[in-house]
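Overview (structure and organization)
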Amino acid sequence: MNIVITGASRGIGKAIAEKFLQENHRVIICSRDSAKLEALQQTYPSLITFVCDVSDKHSVEQLGDFVLQTFEQIDVLINNAGIFIPGKLTEEKDTVLEDTLRTNLLSAYYLTKKLSPRMKTHQHGFIINMCSVASIKAYENGGSYAISKFALLGFSKTLREELKPYNIKVTAILPGATLTDSWAGVDLPETRFSTPEDIALLVYTITQISSFSVVEEILIRPQLGDI
Ligand SMILES: NC(=O)c1ccc[n+]([C@@H]2O[C@H](COP(=O)([O-])OP(=O)(O)OC[C@H]3O[C@@H](n4cnc5c(N)ncnc54)[C@H](OP(=O)(O)O)[C@@H]3O)[C@@H](O)[C@H]2O)c1
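Below is a short write-up of the structure. None of these values were measured; they are calculated from a predicted model.

In this structure, Leu63, Val67, Ile74 and Ile127 are the most contacted members of the largest nonpolar core, which totals 29 residues. Sorting the residues of this core by element identifies β2 (26-31), α3 (57-70), α4 (94-122), α5 (143-163) and β6 (168-175) as the ones contributing at least two each. Not counting the four nearest positions on each side in its chain, Ile74 is found in contact with Asn2, Val4, Val67, Leu68, Leu115, Arg118, Met119, His124 and Gly125. By size, the runner-up hydrophobic cluster in this structure holds 27 residues, among which are Phe20, Leu47, Ile173 and Val203.

See the structure below:
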């Protein structure tokens, strides 16, 4: 299969890329960090990388053009790139909402619009959006992140209805705390978190079940609950 993953230089996106590569699929990833992408490409020679700032519409369109030139068919699009800036809606700078929506929501919207026409012609594919427990639950310090993730879940639900006739399956993944750079500096044992590999295995499995079913949503939390 041909897989596209945004924001996969580290964390959950990287774990998903590694899982698909281990299973011998062709993978394109993007991030802003060309050095990290080059290092990954050295480790995985078949990996295809593209430098892209998904908060910038023009950059997303360039990524989309690159994907359309590289893959004749797109089997799996994973809108994973995201930022988390904790804070309070009434206290944070206005730019926090604007930046967070561009990165966490509009990136998925623009890339999906760019790639879905090709997916429609093949009447096949998966679009997997990395939502969050914060898509369904409010936190005191959730700030603009929560707005973006509620919206991404809404986007996923609407997109699923729209793409059903084209046999394109849309899944929202809602992870709880997962041990990545997002949690750098937090003083908790690693056993308190889900692992990026847990999420990667679930994402991979979604793409393996029979064509008669769609996994609409997956909610996964650390065994001891939210942090
Ligand atoms: N970790 C958790 O507890 C958790 C829980 C629920 C949901 N999630 C969601 O899961 C996704 C991945 O989270 P993570 O914890 O793996 O994050 P992470 O470790 O901070 O990694 C984020 C990834 O996104 C990329 N990225 C960020 N902004 C970007 C931009 N403007 N353009 C291109 N790439 C960008 C980063 O690449 P560069 O910095 O190299 O550009 C990096 O590869 C996010 O959508 C997050 O909201 C995470």
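The structure having been displayed, the exposition proceeds.
In this section: empty space enclosed by the protein. Using the criterion set out here, one finds one cavity of 30 Å³ or more in the structure. Reported here for the largest cavity is a volume of approximately 40 Å³. Thr6, Asn79, Asn80, Ala81, Asn104, Ser107, Ala108, Met130, Lys149 and Leu152 together form the lining of the largest cavity. Mapped by element, the contributors of at least two residues to the lining of the largest cavity are α4 and α5. Ranked by residue count, the leading element in the lining of the largest cavity is α4, at three residues. Classifying every residue of the lining of the largest cavity by side-chain character gives four nonpolar, five polar and one charged.

What follows is about the side chain of Ser144. Looking at the element boundaries, Ser144 is found in helix α5. With a relative accessible area of 0%, Ser144 lands in the buried category.

A word on the site of the ligand. With respect to spatial proximity, 31 residues lie near the ligand, and among them Arg10, Asn80, Tyr145, Thr180 and Trp183 are the closest. Interatomic distance of 2.8 Å between a side-chain N/O atom of Asp53 and a nitrogen atom of the ligand. Here a nitrogen atom of the ligand and a backbone polar atom of Val54 are 2.8 Å apart. For the ligand, whose free accessible area comes to 880 Å², the fraction covered by protein is 94%.

What counts, and at which threshold
Residues numbered from 1 in each chain as written. Predicted model: local features only at pLDDT ≥ 70, side-chain atom pairs only at ≥ 80, totals over all residues. Heavy atoms only, no water. Core = buried A, V, L, I, M, F, W, Y, C linked by side-chain atoms within 4.5 Å. Buried < 20%, exposed > 50% of the residue type's maximum accessible area, 1.4 Å probe, protein only. Helix = DSSP H or I, 4+ residues; strand = E, 2+ residues; numbered from the N terminus. Contact = heavy atoms within 4.5 Å. 1 Å grid on protein atoms, 1.4 Å probe; cavity = no way out; pocket = protein on both sides within 12 Å on 5 of 7 lines; lining within 4 Å. Points joined across faces, edges and corners; volume = space filled by probe spheres on them. Nonpolar A, V, L, I, M, F, W, Y, C, P; charged D, E, K, R; others polar. Near = heavy atom within 4 Å. Polar contact = N/O pair within 3.5 Å; in protein donor to acceptor, adjacent residues only side chain to side chain. Areas by Shrake-Rupley, 256 points an atom, 1.4 Å probe, with all protein chains shown as cover.

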